[in-house]
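Chain by chain, the residues run as shown.
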There are 2 protein chains.
Amino acid sequence: MKLQQLRYFYEIAKQGLNVSLAAEKLHTSQPGISKQIQLLEEELGVDILVRHGKRVTGITEPGQTILLIAERMLHDMENLKRVGADFVNETVGSLSIATTHTQARYALPSVIKTFSERYPGVQLRLHQGNPTQIVEMVLSGEADIAIATEAIALCDELVMLPCHQWNRCVITQPGHPLLSERTLTLERIAEYPIITYDFAYSGRSLLNKAFTEHNLSPNVVLTAIDADVIKTYVELGLGIGIMASQAFDPKRDRNLRAIDAGHLFEPSTTKIGIHRGTYLRGYTYAFIEMFAPHLDRNTIEKAMNA
Amino acid sequence: MKLQQLRYFYEIAKQGLNVSLAAEKLHTSQPGISKQIQLLEEELGVDILVRHGKRVTGITEPGQTILLIAERMLHDMENLKRVGADFVNETVGSLSIATTHTQARYALPSVIKTFSERYPGVQLRLHQGNPTQIVEMVLSGEADIAIATEAIALCDELVMLPCHQWNRCVITQPGHPLLSERTLTLERIAEYPIITYDFAYSGRSLLNKAFTEHNLSPNVVLTAIDADVIKTYVELGLGIGIMASQAFDPKRDRNLRAIDAGHLFEPSTTKIGIHRGTYLRGYTYAFIEMFAPHLDRNTIEKAMNA
DNA sequence: CGTAGTTACGGAGATCGTAAACATC
DNA sequence: GATGTTTACGATCTCCGTAACTACG
């Protein structure tokens, strides 16, 4: 049995059972792959691909099980390489972070600045996406860690570590009637057109929940993927914005005013997600600890093995 | 990276860092192994073995981590082969059970009879040992499942599934004074010389506990590894025996009498132990279910993934 | 000087790519 | 006939075993 064979099988499965496509991705010839798959089938004594004549149409039942184990082995092979790289030079490598716009734009900059000064040899990569995409990226190994809020699907493969709590604020144009309210209420907010996050994002569901619990149906005139877009349209006078407090910067956002809305909505929790069973490089632990000081190496390792 | 290289490294570690010995065990040449280890070190970019001149004296720090991952990969490779074998013919294969004498002699016979009638193609193997050895056998892959009582060391690698509860009885020669007692007490038992299980076995510690809680120091004149030995010496009049109730068979043991002692000692629990992450063949689930009907395939799989 | 590990080298065997045949749509 | 898979075959490379060499006790 060869690791190469498992890699071939894995790639075929990943490419929707198209052997030629898999060959292309792996920069090798298509017949070579076919051959190795046959050898693997022969060695294990079972067919792993369902063939109709000369067309691959499915994965057999044993193939499903084999695929799961093969994936784990390939993952472990990656881990081995990382261990090597880590001990060669603790401070050289790359770190891929899958995250949402809000984190990338408001929460991460200071951490990334500190980190890249401390580890100048580490190539940082930010991948943006919605929570579903972020999870995908971590599970496929494309990204090392995920940073996002709530909506990250629960899954055994993924270890979630709570980092920060945050809440929302309402932003308006200067001179808006809401600014002179003594205490902000959901009822008053619901009177105005609202601009907020897109549904898949950043605890948008918590926002809806707060309104429905008060039997209010807010008039959401625009949803956006990020806070910058929200601010832009509030400036244009399309409505009031509801977004993460941390995304409002009084210095930069001189044309806007913010009102804290922490008492109106449940707080959201920003979390870090890691693919269970992945070997993390030393600086990855350092990065996480910079972002959330309570998550030291020991705590993280314990959570990953739990 | 080749699985072969990992296997070589694993075997070197297992053979106490003796490369020649590892070569012998693997039926290959010693230089071949040296070479492959060097290639592995080169590929990973770190030394994994500590060499003093031309002598291997230790495993480097990264080597330790690499070894752990390599072990898991090799284990997965075994799993793959099992998956294959399982689907080729669900009813042909082998099943190794590591267990204690008491289980092998009194609890298992009926199960094994039923099982071997149902799966005539499965080669059954019973490995006897004390609880420590049993655990070793399962962890090393020498045995597929362990069946024993209590003393099995708790370890993350091992999934323990409770099967049966059982208790003890006192056995004596016919006409013994204890037989005419209305209710058996620890105090009366302690008046006689006692023959019971060896310390490492079958919940012997529970027995000690019961006596010390009553401030009694029983006079244990002989300890044995199995119930048959205990019975033999009770017949000879060396003392009274304390052993598992299930090990007394009125038909067979006509020269002895048993008195239930369930009220004097905490019950012990017989458990099945499985190496977490091992792929179990279909008939293994069947065997376990025959032994403990409440442990169906679903329940077992859930416990293994927990 | 015996034991244990590395280097050197040659042969067997495997892997991979090209070319061609073949099956489905 | 287009797309995609398997078979055939030859060049290359890898792996393994023997033999010689080297270091340590």
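These numbers were taken from a predicted model, which means no experiment stands behind them.

Cut-offs used in this document
- Residues numbered from 1 in each chain as written.
- Chains lettered and ligands numbered in written order.
- Predicted model: local features only at pLDDT ≥ 70, side-chain atom pairs only at ≥ 80, totals over all residues.
- Heavy atoms only, no water.
- Helix = DSSP H or I, 4+ residues; strand = E, 2+ residues; numbered from the N terminus.
- Rg over C-alpha atoms; globule rule 2.2 N^0.38 Å.
- Buried < 20%, exposed > 50% of the residue type's maximum accessible area, 1.4 Å probe, protein only.
- Contact = heavy atoms within 4.5 Å.
- Areas by Shrake-Rupley, 256 points an atom, 1.4 Å probe, with all protein chains shown as cover.
- Pairing = 2+ DSSP bridges.
- Axes fitted to C-alpha atoms, helices over the stretch in contact; angles between N-to-C directions.
- Near = heavy atom within 4 Å.
- Polar contact = N/O pair within 3.5 Å; in protein donor to acceptor, adjacent residues only side chain to side chain.
- Nonpolar A, V, L, I, M, F, W, Y, C, P; charged D, E, K, R; others polar.
- Least-squares fit on C-alpha atoms with pLDDT ≥ 70 in both.
- Buried area = accessible area lost by both parts, 1.4 Å probe.
- Salt bridge = Lys/Arg side-chain N within 4 Å of Asp/Glu carboxyl O.
- Phe/Tyr/Trp six-rings, centres within 6.5 Å; stacked < 30°, edge-to-face > 60°.
- Domains from an automatic or database assignment.

Undergrad: How do you make sense of the overall build of chain A when you look at a structure like this?
TA: What chain A contains, in helices and strands, is 11 helices and 12 strands. A globule of 306 residues ought to have a C-alpha radius of gyration of about 19 Å, yet chain A, at 24 Å, is considerably larger. Classification of the 306 residues of chain A by burial places 47% in the buried group. Within chain A, contacts between residues separated by at least 24 positions form 74% of all contacts whose residues are at least 6 apart in sequence. For chain A, the accessible area works out to roughly 14700 Å², and carbon and sulfur atoms hold 49% of it.

Undergrad: Would you explain the sheet that holds strand β5 (residues 145–149) of chain B in this entry?
TA: Through backbone hydrogen bonds, the strands of a sheet pair up, either in parallel or in antiparallel fashion. Residue and element names in this part refer to chain B. Across the sheet, five strands lie side by side as β4-β3-β5-β12-β6; this open sheet has mixed pairing. Whereas interior strands pair on both sides, the edge strands pair on one side only; in this sheet they are β4 (122–128) and β6 (158–166). Neighbour-to-neighbour, the strand axes of this sheet turn through a mean angle of 20°, independent of strand direction. Alignment of β5 against strand β12 (residues 268–275), held across five bridges, turns out to be antiparallel. Looking at β12, one finds that Ala146 is bridged to Gly273. Across the sheet, helix α5 (residues 101–118) is in contact with β3 (93–99), β4, β5 and β12; its angle to β4 comes to roughly 175°.

Undergrad: Could you clarify how one ought to interpret the protein's contact with DNA strand C in this entry?
TA: In the region of DNA strand C, 24 residues are neighbours, and A:Thr28, B:Ser20, B:Gln30, B:Ser34 and B:Lys54 sit closest. Near the protein, within 4 Å, the atoms of DNA strand C are sugar or phosphate in 69% of cases. A:Thr28 is positioned such that a nitrogen or oxygen atom in its side chain is 2.4 Å from a phosphate oxygen of DNA strand C. B:Lys54 places a main-chain nitrogen or oxygen 2.9 Å from a sugar or linking oxygen of DNA strand C. Those elements giving two or more residues to the surface near DNA strand C turn out to be α1 (3–14) and α3 (30–44) of chain A together with α2 (19–25) and α3 (30–44) of chain B. Looking at which element gives the most residues to the surface near DNA strand C, the answer is α3(B), with four residues. For the surface near DNA strand C, a count of residues per class yields six nonpolar, 12 polar and six charged.

Undergrad: Looking at this structure, how should I read the relation of the copies chain B and chain A?
TA: Both copies of the chain are placed relative to one another by a rotation about an axis and a shift along it. By a simple turn and slide, chain B fits onto chain A: the slide is 0.0 Å along the axis, the RMSD is 0.2 Å, and the turn is 179°. Both copies are brought into coincidence by an operation consistent with a two-fold rotation axis. Of every C-alpha in chain B, the one belonging to B:Met73 sits nearest the axis of rotation, 2.8 Å from it. Of all interface residues in chain B, 100% are interface residues in chain A too; the two copies therefore contact each other through one and the same surface.

Undergrad: Where do I start with the interface of chain B and chain A in this structure?
TA: By convention, interface size is frequently given as the accessible area that disappears when the constituent parts associate. In this complex, chain B contributes 26 residues to the contact, which on the side of chain A involves 26 residues. Approximately 2400 Å² of surface area, both sides summed, lies buried where chain B meets chain A, with 79% of it carried by carbon and sulfur atoms. Between chain B and chain A we count two salt bridges in total. In this structure, the salt-bridge partner of B:Arg72 is A:Asp76, at a minimum N-O distance of 2.4 Å. On the surface where chain B and chain A come into contact, there are two residue pairs in polar contact (both at pLDDT 80 or more). Mapped by element, the contributors of at least two residues to the side of chain B that touches chain A are α1 (3–14), α3 and α4 (61–88) of chain B. If one sorts the elements of the side of chain B that touches chain A by residue count, α4(B) sits on top with 17 residues. Here the side of chain B that touches chain A is composed, by residue class, of 16 nonpolar, five polar and five charged.

Undergrad: Sorry if this is basic, but what is going on with the environment of B:Val159 here?
TA: Residue placement: B:Val159 occurs in strand β6. The contacts of B:Val159, once residues within four sequence positions are left out, are B:Ile272, B:Gly273, B:Ile274, B:Arg276, B:Ala303 and B:Met304.

Undergrad: Can you walk me through the side chain of A:Gln15 in this structure?
TA: All names here are of chain A. In this fold, Gln15 is placed in the loop between α1 and α2 (19–25). For Gln15, a relative accessible area of 16% translates into the label buried. One polar contact links Gln15 to Glu11, side chain to side chain, over a distance of 2.8 Å. In this view, Gln15 contacts Leu21, Ala22 and Lys25; residues no more than four positions away in its chain are not counted.

Undergrad: Mind showing me how you'd approach the protein's contact with DNA strand D here?
TA: The full set close to DNA strand D counts 23 residues, and A:Ser20, A:Gln30, A:Ser34, A:Lys54 and B:Thr28 are the nearest of them. Sugar plus phosphate: this is where 67% of the atoms of DNA strand D within 4 Å of the protein reside. The side chain of A:Arg51 places a nitrogen or oxygen atom 2.7 Å from a phosphate oxygen of DNA strand D. Interatomic distance of 2.9 Å between a backbone N/O atom of B:Ser29 and a phosphate oxygen of DNA strand D. When residues of the surface near DNA strand D are traced back to their parent elements, those giving at least two are α2 and α3 of chain A together with α1 and α3 of chain B.

Undergrad: Looking at this structure, how should I read the packing of aromatic side chains?
TA: Note on aromatic pairs: each is described by the distance of the centres and the angle between the planes. Residue and element names in this part refer to chain B. Applying the stated criterion across every chain, the model contains 10 aromatic pairs over all chains. On the numbers, 5.3 Å between centres and 80° between planes, the contact of Phe115 with Phe287 is edge-to-face. In this pair, Phe115 sits in helix α5 while Phe287 sits in helix α10 (residues 282–291), placing the two residues 172 residues apart along the sequence. The pair formed by Phe115 and Phe287 is uniform in burial state, with each residue classed as buried. Summarising the aromatic geometry, the rings of Tyr119 and Tyr283 are spaced 6.3 Å apart at their centres and angled 55° between planes, so their arrangement reads as tilted.

Undergrad: Please explain the pattern of salt bridges as it appears in this structure.
TA: Any two side chains of opposite charge can pair, on the condition that their charged atoms come close. Using the criterion set out here, one finds 24 salt bridges over all chains in the structure. The salt bridge involving A:Glu41 is made with A:Arg51; its shortest N-O contact spans 3.1 Å. Here A:Glu41, found in helix α3, pairs with A:Arg51, found in strand β1 (residues 49–52); they are 10 residues apart in sequence, far enough to count as distant. On the basis of relative accessibility, which here comes to 7%, the residue A:Glu41 falls in the buried class. On the basis of relative accessible area, A:Arg51 is assigned to the partly exposed category, the value being 35%. One salt bridge in this structure joins B:Asp86 and B:Arg281, with 2.9 Å as the shortest N-O distance. Highlighted residues: B:Asp86 in helix α4 and B:Arg281 in the loop between β12 and α10, separated in sequence by 195 residues. The burial state of B:Asp86 is the same as that of B:Arg281; both residues are buried. Put simply, A:Arg105, A:Asp228, A:Lys231 and A:Asp253 are held in one network by salt bridges that share partners.

Undergrad: Help me out: how do you make sense of the domain arrangement of chain A in this one?
TA: Residue and element names in this part refer to chain A. Domain boundaries in chain A define domain 1 (3–85), domain 2 (90–159 + 272–305) and domain 3 (168–266). Relative placement of domain 2 and domain 3: their C-alpha centres are 29 Å apart. In this assembly, 12 residues from domain 2 lie in contact with 14 residues from domain 3. A buried area of about 1000 Å², summed over both sides, lies between domain 2 and domain 3, and 55% of it is on carbon and sulfur atoms. Summed over the three residues of domain 2 that lose the most area to domain 3, namely His101, Thr102 and Tyr106, the buried surface amounts to 49% of that side. Joining domain 2 to domain 3, the criterion identifies one salt bridge. Here Asp228 and Arg105 are joined by a salt bridge, their closest N and O atoms 2.6 Å apart. Viewed at the interface, domain 3 and domain 2 are joined by four residue pairs in polar contact (both at pLDDT 80 or more). Among the elements that take part in the side of domain 2 that touches domain 3, helix α5 (residues 101–118) stands out by supplying five residues, more than any other.

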